[in-house]
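Read off the chains here:
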Amino acid sequence: QVQLVESGGGLVQAGGSLRLSCAASRSSLSIRYMAWYRQAPGKQRELVARMSSGGSTNYADSVKGRFTISRDDAKNTVYLEMNSLKPEDTAVYYCNAYVFPYDYWGQGTQVTVSS
């Protein structure tokens, strides 16, 4: 089992930056994938960025070039650096960990981007 605790959300103006953190309760090296998802009001949850235990990454087209996922294995923590934020990035952001065959989720952190 994996517990995930997110932090770093908040209110920011368009064009600004935020960094989200997600601390895992077990070694991040033992987690096949760690990812960030988001869910805006009235919309389905969508993948934002994902990193494998080997370090490969993939991003949603809408955030490529603006967001960066990274991992600090010494701290069992994954980060999402978000730059050039847009109002359409407003959502609850969830940390996700996949350890076969289960998905684990954090409680979510609100990101609000004002225009």
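The present account deals with the structure reproduced in this document. (Residues numbered from 1 in each chain as written. Predicted model: local features only at pLDDT ≥ 70, side-chain atom pairs only at ≥ 80, totals over all residues. Heavy atoms only, no water.)

All chains considered together, the criterion is met by five salt bridges. For Asp89, the salt bridge identified is with Arg66, shortest N-O distance 2.7 Å. Separated by 23 residues along the polypeptide, Asp89 in the loop between β8 (77-82) and β9 (91-99) and Arg66 in the loop between β6 (57-59) and β7 (67-72) bring together distant segments of the chain. Across this residue pair, the class does not change: Asp89 and Arg66 are buried. Residues participating in the shared-partner salt-bridge network are Arg38, Glu46, Arg66 and Asp89. (Salt bridge = Lys/Arg side-chain N within 4 Å of Asp/Glu carboxyl O. Helix = DSSP H or I, 4+ residues; strand = E, 2+ residues; numbered from the N terminus. Buried < 20%, exposed > 50% of the residue type's maximum accessible area, 1.4 Å probe, protein only.)

Here we come to the state of the cysteines. Throughout the structure, instances matching the rule amount to one disulfide. At a sulfur-sulfur separation of 2.0 Å, the disulfide partner of Cys22 is Cys95. Given an S-S torsion of about -80°, the disulfide between Cys22 and Cys95 has left-handed geometry. Residue Cys22 is found in strand β3 (residues 18-24), and its partner Cys95 is found in strand β9; the two are separated by 73 residues along the sequence. Judged by its relative accessible area of 0%, Cys22 falls in the buried class. (Disulfide = S-S within 2.5 Å.)

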